[in-house]
There are 10 protein chains.
Amino acid sequence: MTKTDMRTAILEAKKAKGMTWEALAGAVGISPEFLCSACLGMNSLSAANAESCAEALGLGPDVASALTEFPKKTWDQTIPTDPLIYRFYEIVGVYGETLKEVIHEQFGDGIMSAIDFSMDVSKQEDPKGDRVVVTLNGKFLPYKSW
Amino acid sequence: MTKTDMRTAILEAKKAKGMTWEALAGAVGISPEFLCSACLGMNSLSAANAESCAEALGLGPDVASALTEFPKKTWDQTIPTDPLIYRFYEIVGVYGETLKEVIHEQFGDGIMSAIDFSMDVSKQEDPKGDRVVVTLNGKFLPYKSW
Amino acid sequence: MTKTDMRTAILEAKKAKGMTWEALAGAVGISPEFLCSACLGMNSLSAANAESCAEALGLGPDVASALTEFPKKTWDQTIPTDPLIYRFYEIVGVYGETLKEVIHEQFGDGIMSAIDFSMDVSKQEDPKGDRVVVTLNGKFLPYKSW
Amino acid sequence: MTKTDMRTAILEAKKAKGMTWEALAGAVGISPEFLCSACLGMNSLSAANAESCAEALGLGPDVASALTEFPKKTWDQTIPTDPLIYRFYEIVGVYGETLKEVIHEQFGDGIMSAIDFSMDVSKQEDPKGDRVVVTLNGKFLPYKSW
Amino acid sequence: MTKTDMRTAILEAKKAKGMTWEALAGAVGISPEFLCSACLGMNSLSAANAESCAEALGLGPDVASALTEFPKKTWDQTIPTDPLIYRFYEIVGVYGETLKEVIHEQFGDGIMSAIDFSMDVSKQEDPKGDRVVVTLNGKFLPYKSW
Amino acid sequence: MTKTDMRTAILEAKKAKGMTWEALAGAVGISPEFLCSACLGMNSLSAANAESCAEALGLGPDVASALTEFPKKTWDQTIPTDPLIYRFYEIVGVYGETLKEVIHEQFGDGIMSAIDFSMDVSKQEDPKGDRVVVTLNGKFLPYKSW
Amino acid sequence: MTKTDMRTAILEAKKAKGMTWEALAGAVGISPEFLCSACLGMNSLSAANAESCAEALGLGPDVASALTEFPKKTWDQTIPTDPLIYRFYEIVGVYGETLKEVIHEQFGDGIMSAIDFSMDVSKQEDPKGDRVVVTLNGKFLPYKSW
Amino acid sequence: MTKTDMRTAILEAKKAKGMTWEALAGAVGISPEFLCSACLGMNSLSAANAESCAEALGLGPDVASALTEFPKKTWDQTIPTDPLIYRFYEIVGVYGETLKEVIHEQFGDGIMSAIDFSMDVSKQEDPKGDRVVVTLNGKFLPYKSW
Amino acid sequence: MTKTDMRTAILEAKKAKGMTWEALAGAVGISPEFLCSACLGMNSLSAANAESCAEALGLGPDVASALTEFPKKTWDQTIPTDPLIYRFYEIVGVYGETLKEVIHEQFGDGIMSAIDFSMDVSKQEDPKGDRVVVTLNGKFLPYKSW
Amino acid sequence: MTKTDMRTAILEAKKAKGMTWEALAGAVGISPEFLCSACLGMNSLSAANAESCAEALGLGPDVASALTEFPKKTWDQTIPTDPLIYRFYEIVGVYGETLKEVIHEQFGDGIMSAIDFSMDVSKQEDPKGDRVVVTLNGKFLPYKSW
């Protein structure tokens, strides 16, 4: 079973069961953000988590097996067009150099890892309109000379 | 004075004075992230803030005036090459659909604003290596039918 | 049912029934522009509107269900080639900076939302040739400092 | 004097005089949108209008002459990055096919001219946040067979 | 029937019958250039012409119906690779500014319409090698101020 | 003197003298289209023609010499943005395959040369709006097997 | 039968029969380079040659017929990735201006035709490693003024 | 002295002296093609050849020194626009797969080197029009397994 | 059997048998890196090696035959998106000029062959985190003049 | 002093002194590869190393200071054109998936760091032609779930 077929099977089962990522993640015991990324084919799960996930969705071992495979991470659109995703691209464009300046000031020459990394999305209620709060947390990796 | 000349003047003065964005932001009374973005030419400051900023750097009213102008936000690289900035681009590529799924689940059909927006960078100390924590906070904007 | 299949089903039913967007929109009780965009897969309808729409076209609940799903908005052509659509792209190229200047003059630093947004197309009769009038109406979103 | 030098001279004089496009357009007797586009180098003015414009800004006949030259309309960014301009690009992407459907329904096979064309920007006050209203008005051009 | 299927059906029938565009156009009563472009899916025919065309090819009403639909004009290659087509692209690149200069000199600021437009291809016999003569005929559209 | 400097010198002299391409071409004894393309740097003139051209404009032998050099034909924009030039690009996109079909039908497998080539622009008066007539005339080059 | 199907049929038959392009070309009576390009779909054969070619491969008249059709020459990769083909692209990049200088010096302003053209590949034995010798032979086409 | 300045100096001296590449190459004792590529900045010369070249042009040791530096080979246009150079690009596109087939048939799996390589341009006189003959000669490099 | 089908068959058989590239390479008697590249369709094997490989996987002679065919090496993504592969692209971007400087210093003007080439991947254990060691070994090819 | 000016100053001084990267690196006490990358503007040096480097080249403290600044790593060419650098790009294209397969097999799901990284270039003498050996050494970073 390819990652693409796995993804379709999961999204259909999830819709049929009316489950949320939140609920599915609770059943597996990991965060909804990571679980969702694995179900979309962008990360892999441990065998135990993959099994729990497939089970919660009423899907078979082929889905569980596909969830454990190491994904090839590819995307089609160099510049994303969907407005929700584009706004994050725009933030990288507008604030990329700011991030560089501020991170260098706090940490020195290096980068924030996108591998040793976690991401959290939450809602901040606000009478003027609720707010989306996205927290990116990555290990600082200093450049080394040799 | 163009935004480009303003930026050069500020970066040189900042280096000559040995000031940090943190310190400069303290003098102006806004966050270092926003101040830095304005000094790099990606946002505008109020007249009062612009004046404080120029003063703290020992720069004249032409710099203050340039800081108040509404910027044209442009960037050269469709895909950024600097590793620090690229990692954020990669996060958008790998987790863009995850963000869409999770935000839609929590908020419904709409987007996180990149305009009614703030961003915070902080350090989380960790014995296995300090971590960069970037918090993005944007108003949720629901799609409307008409 | 995917959005793509939904779109094909709707366009075929619409053609078979000889219905216009105008008439279909009347049956649903929303504007033809928004209805059309939802039927093409670029917006989502409320459950009630989706049901009315499917019913007016003699289509089943799978189409109605697909109409309520939150779409991923993608387009293939970075620069559209169809002359009707290209002319709008050209207007953005020729008048983009003019829009920026005039909107900033009237509203200050900020943007016109493309989310809290509506669009109307109407015909203005003219003996020298009728005219297309497209009205774009979006909430002004001011930049905020933090 | 090139269009680029003309543009710089006009923007500097306009800023020094503290004039708005509105006021400048009033002095010339045309709309602010068209005047602004000509001053940015994207349209040409009649000799009379060009002279009035230069005069109102305290600029010489070389500026007036440059304003009357037929411009070469070019833009650098295939996909604009400035958020204000990008939102219009996004509207073309999201609603381009909708515009095609609705215009064809009202007018038949043809396009809206971007040459025999005018554009108006106005403010619609709204307690929930003022709105930008952009009206595009172009002659319908039917395809002809031969 | 999609435009793509229509195109395939027409090209196959045309080959099977050994008809030329010239002959087919004669049967329909329009020019071979316009007829060919409609059969390739780049223009639409009136109902009467579409019927004559389908009939001449021994094809059914679904083809005739598809010929009357308003096409979405798209092409895949930003820069065409086929040498015959590339040479026309090259002419636009080499002589584009010349066309602009000479048309502006004769007509003033404006463009040649590609919508109110016709095109003719003919052979000019020449002992040193026959010549292809392509005549483009489009309405001049002057820019208007407002 | 580079072709770029030559071009600037010619355009300035032409403007100062108020000469048209028509008049300049008359003085040189070649067509305005070819002369214009040479003055813009896209073709070379014979020594005699170059001298006549420079003389008619009151320019020196360095301009004449630059006019005789073999040009490197380059253009910046893969897809032209100026509306006048874009319309010709659009014609290649919309009618490229039609040109291929019709030329092959009349001539066999081969191309229209863009080198052994001439181009004429003329005005066709029309009460409904004057028309631009562009005639492209190129030698047919048949493919050869070997 | 499309050119794509023809190509697949020919490559399979050629492999099954263990024939070389050399042998196949001998049977047809043309060069292996031209024959190969026609079999790959980039050139057309005369009816007689097409028939010989199909016959030598044990293929039917539909293949012969497809071989005589005028091809649309397209390629997918703007910059080829296969190392053998890329090296030729690299030669054009590194030596393109050298070719221009040297051809202009020998022939004057004009080009080498890629239509009235032949190409030969041969092996030059060499103790230090055999060498590939590719000979390109095209008619010189001088630019003409008009 | 940069390669760019060296190139300009050489082209100016060559023009002023009215020397051909042929003559210059004769003075240096290498082929005109290689010499020309080195003078354009795409190859390096030995110290002795560089000195002879500078001397023949009446240029100083800084030019000779620049000629000996190892060049960074870059070109601006992914797809060349100049017709003479484009035709070679087109040949790679049309005949790239043919070259691959025929070279593999003669030599096995491997490539023609573009480094251990030479190129010759010569004129073949022909009553129907002289022909350009370009000979590419590169060492065959077989792929190796390990 | 195409290379694509061969690749799928091999990856499925390898997974079903639970074989590593290491083990498969041992059975064939070549390195895992080369074997893997051939199984993915980027290199060809000798007939003997191809047979051993197919046999070890329990696959038939069509797979073995496909493994011996000379591949067309293509890749879809100009800039790879998968983080593991992107990091190597980034290394080429960041250190490309360094490689050029250091190789030229050690070897003179020339390149490292990617054809007469081998690659080894190994693990270097390290208490602070194991390290990946990739060794690229290619013949130096000096530029030659002629 | 910008990184660009620093780079020019260093390359000129290095050439004037006839120093190699090897010798300069010896004077500084780091590897030639890292030193070279810092001098080209792609890495930063510690204050002590920067001082030693400037001193060894006879350059002043502005160069030393520029060497310590955190660089913005950018490159112009998405696909490098210089043959030496292109070959490394080609290796990433041809062997990228092989690297992914083999590294995953040895290490699990993760990547080789390009930040916690070193690179060595050495010469392997060989009677059939010396070989370039490039060793890339990066920390393995496993993906983590959260």
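Whatever comes next refers back to the structure up there.
About the criteria used
Residues numbered from 1 in each chain as written. Chains lettered and ligands numbered in written order. Predicted model: local features only at pLDDT ≥ 70, side-chain atom pairs only at ≥ 80, totals over all residues. Heavy atoms only, no water. Helix = DSSP H or I, 4+ residues; strand = E, 2+ residues; numbered from the N terminus. Buried < 20%, exposed > 50% of the residue type's maximum accessible area, 1.4 Å probe, protein only. Contact = heavy atoms within 4.5 Å. Buried area = accessible area lost by both parts, 1.4 Å probe. Salt bridge = Lys/Arg side-chain N within 4 Å of Asp/Glu carboxyl O. Polar contact = N/O pair within 3.5 Å; in protein donor to acceptor, adjacent residues only side chain to side chain. Nonpolar A, V, L, I, M, F, W, Y, C, P; charged D, E, K, R; others polar. Pairing = 2+ DSSP bridges. Least-squares fit on C-alpha atoms with pLDDT ≥ 70 in both. Arc of directions from axis to C-beta. Phe/Tyr/Trp six-rings, centres within 6.5 Å; stacked < 30°, edge-to-face > 60°. Lys NZ or Arg CZ within 6 Å of the ring centre and 35° of its normal. Lys, Arg positive; Asp, Glu negative; His and termini not counted. Axes fitted to C-alpha atoms, helices over the stretch in contact; angles between N-to-C directions. Parallel < 35°, antiparallel > 145°, perpendicular 65-115°, else oblique. Left-handed = near helix turned anticlockwise from the far one by under 90°.

Caption draft 1: Quick peek at the overall build of chain A. Along chain A, the regular secondary structure elements total 6 helices and 2 strands. Reading chain A from its N end, one meets helices and strands in the order α-α-α-α-α-α-β-β. With respect to the three principal axes, the spread of C-alpha positions in chain A is 50 × 50 × 30 Å. Here chain A, with 146 residues, has 60% of them falling under the buried criterion.

Caption draft 2: Region of the structure containing the interface of chain C and chain D. In this assembly, 69 residues from chain C lie in contact with 68 residues from chain D. Buried surface at the junction of chain C and chain D, both sides included, amounts to about 6800 Å², of which 66% is carbon and sulfur. On inspection of chain C and its partner chain D, the count reaches 6 salt bridges. The shortest N-O distance in the salt bridge between E97 of chain C and R7 of chain D comes to 2.8 Å. Seen at the junction of chain C and chain D, the total is 32 residue pairs in polar contact (both at pLDDT 80 or more). Breaking the side of chain C that touches chain D down by element, the ones donating at least two residues are α1 (3–17), α2 (21–28), α3 (32–39), α6 (83–107), β1 (110–124) and β2 (131–142) of chain C. Broken down by element, the side of chain C that touches chain D gets its largest block of residues, 25 residues, from α6 of chain C. For the side of chain C that touches chain D, the class distribution of residues is 33 nonpolar, 18 polar and 18 charged. Looking at chain direction, β2 of chain C and strand β2 (residues 131–142) of chain D are connected through 9 bridges and run antiparallel. When the sheet's bridge partners are listed, G138 of chain C is paired in β2 of chain D with V132 of chain D.

Caption draft 3: Spotlight on the relation of the copies chain C and chain D. Under the fitted operation, chain C is carried onto chain D by 0.0 Å of movement along the axis and a turn of 180°, and the coordinates agree to an RMSD of 0.0 Å. Taken together, the rotation angle and the small translation identify this as a two-fold axis. Every residue of chain C has its C-alpha some distance from the rotation axis, and the shortest such distance is that of T135 of chain C, at 2.2 Å. Both copies contact each other with a shared surface, as 99% of the interface residues of chain C are interface residues in chain D too.

Caption draft 4: Looking closely at the interface of chain B and chain A. Taken together, the 69 residues of chain B in the interface contact 68 residues of chain A. The interface formed by chain B and chain A includes 32 residue pairs in polar contact (both at pLDDT 80 or more). Residue assignment for the side of chain B that touches chain A shows that the elements contributing at least two residues are α1 (3–17), α2 (21–28), α3 (32–39), α6 (83–107), β1 (110–124) and β2 (131–142) of chain B. The element best represented in the side of chain B that touches chain A is α6 of chain B, accounting for 25 residues.

Caption draft 5: The arrangement of the relation of the copies chain B and chain A in detail. Laying chain B over chain A is done by rotating through 180° and shifting 0.0 Å along the axis; what remains is an RMSD of 0.0 Å. By residue overlap, the copies meet face to face through one surface: 99% of the interface positions of chain B are interface positions in chain A.

Caption draft 6: Examining helix α4 (residues 47–57) of chain G more closely. Residue and element names in this part refer to chain G. Residues of α4 that are buried include every one of N49, A50, C53, A54 and L57, and no others. Looking down the long axis of α4, one finds its buried residues gathered within 130° of arc, a one-sided arrangement. Facing away from the buried side of α4 by over 90 degrees, the exposed positions are A47, A48 and E55. In the core, the buried residues of α4 are packed alongside α1 (3–17), α2 (21–28), α3 (32–39) and α5 (61–68). Just downstream of α4 lies G58, where phi reads positive at about 70°.

Caption draft 7: Structural context of the packing of aromatic side chains. All told, the structure shown has 80 aromatic pairs over all chains when counted by the stated rule. Geometry around F107 of chain J places K123 of chain I over its ring, the cationic atom sitting 5.0 Å from the centre.

Caption draft 8: Seen up close, the side chain of K14 of chain D. The topology assignment puts K14 of chain D in helix α1 (residues 3–17). One buried charged residue, K14 of chain D, remains without a salt bridge, the closest side chain of opposite sign being E105 of chain C at 4.2 Å. The residues contacting K14 of chain D, other than those within four sequence positions of it, are E101 and E105 of chain C together with M19, T20, W21 and L57 of chain D.

Caption draft 9: Up close: the side chain of S31 of chain E. Note that S31 of chain E resides in the loop between α2 (21–28) and α3 (32–39). Residue classification places S31 of chain E among the buried positions, given a relative accessible area of 13%. Apart from residues lying up to four places away in sequence, S31 of chain E is in contact with W146 of chain D together with A25 of chain E.

Caption draft 10: Quick look at the pairing of β1 of chain C. Taken across its 15 residues, β1 of chain C has 11 buried, putting it largely inside the fold. The turn linking β1 of chain C back onto β2 of chain C is made up of 6 residues, and G129 of chain C within it adopts a positive phi angle of 125°.

Caption draft 11: Layout of the arrangement of the chains. At the level of C-alpha atoms, the two units chain A and chain E stay apart, their nearest approach being 17 Å. Between chain E and chain I there is no contact; the minimum C-alpha to C-alpha separation amounts to 17 Å.

Caption draft 12: Examining the sheet that holds strand β1 (residues 110–124) of chain J more closely. Here we have 4 strands laid out as an open sheet, ordered β1(I)-β2(I)-β2(J)-β1(J), and antiparallel in their pairing. Strands at the two margins of the open sheet, each flanked by one partner only, are β1 (110–124) of chain I together with β1 of chain J. Strand-to-strand twist of the sheet, defined as the mean angle between neighbouring strand axes without regard to direction, takes the value 20°. Bridging between β1 of chain J and strand β2 (residues 131–142) of chain J involves 11 bridges; their strand directions are antiparallel. Of the residues in β2 of chain J, the one forming a bridge with S122 of chain J is V133 of chain J.

Caption draft 13: Molecular detail of the sheet that holds strand β2 (residues 131–142) of chain E. Overall, antiparallel pairing links the 4 strands, which are arranged β1(E)-β2(E)-β2(F)-β1(F) in an open sheet. The outermost strands of the open sheet, each flanked by one partner alone, are β1 (110–124) of chain E together with β1 (110–124) of chain F. If you compare each strand with its neighbour and ignore which way they point, the axes differ by 20° on average. Packing of helix α6 (residues 83–107) of chain E onto the sheet brings it into contact with β1 and β2 of chain E together with β1 and β2 (131–142) of chain F, and relative to β1 of chain F it is tilted by some 20°.

Caption draft 14: Geometry of the packing of helix α3 (residues 32–39) of chain I against helix α6 (residues 83–107) of chain J. At a closest axis distance of 9 Å, the pairing of α3 of chain I and α6 of chain J adopts a crossing angle of 120°. Considered as vectors, α3 of chain I and α6 of chain J are oriented oblique to each other. Considering how the two elements wind past one another, α3 of chain I and α6 of chain J form a crossing that is right-handed. Residues E33, C36 and S37 of chain I of α3 of chain I pack against Y95, T98, E101 and V102 of chain J of α6 of chain J. Broken down by class, the residue content of the contact of α3 of chain I with α6 of chain J amounts to 3 nonpolar, 2 polar and 2 charged.

Caption draft 15: Fine view of the packing of helix α1 (residues 3–17) of chain E against helix α5 (residues 61–68) of chain E. All names here are of chain E. Contact geometry for α1 and α5: axes closest at 9 Å, N-to-C directions at 125°. Regarding the angle of α1 to α5, the classification is oblique. For the pair α1 and α5, the sense of crossing is left-handed. Judged by residue contacts, K3, M6, A9 and I10 of α1 engage V63, A66 and L67 from α5. Of the residues in the contact of α1 with α5, the class split is 6 nonpolar, no polar and 1 charged.

Caption draft 16: Representation of the environment of I103 of chain F within the structure. Topologically, I103 of chain F is positioned in helix α6 (residues 83–107). Among the residues examined, I103 of chain F registers a relative accessible area of 0% and is labelled buried. For the pair I103 of chain F and D126 of chain F, spaced 23 residues apart in sequence, the C-alpha separation works out to 29 Å. When sequence neighbours within four positions are dropped, the list of residues in contact with I103 of chain F reads L84, F88, V121 and V132 of chain E together with G108 and F140 of chain F.

Caption draft 17: A look at α2 of chain C. Of the positions making up α2 of chain C, those classed as buried are W21, L24, A25 and V28 of chain C. For α2 of chain C, the angular spread of the buried residues around the axis is 100°, confining them to a single face. Those residues of α2 of chain C hidden inside the fold are in contact with α1, α3 and α4 (47–57) of chain C together with α6 (83–107) of chain D. Looking one or two residues beyond α2 of chain C, the residue adopting positive phi is G29 of chain C, at roughly 90°.

Geometric descriptors of this kind do not, in isolation, establish any biological role.
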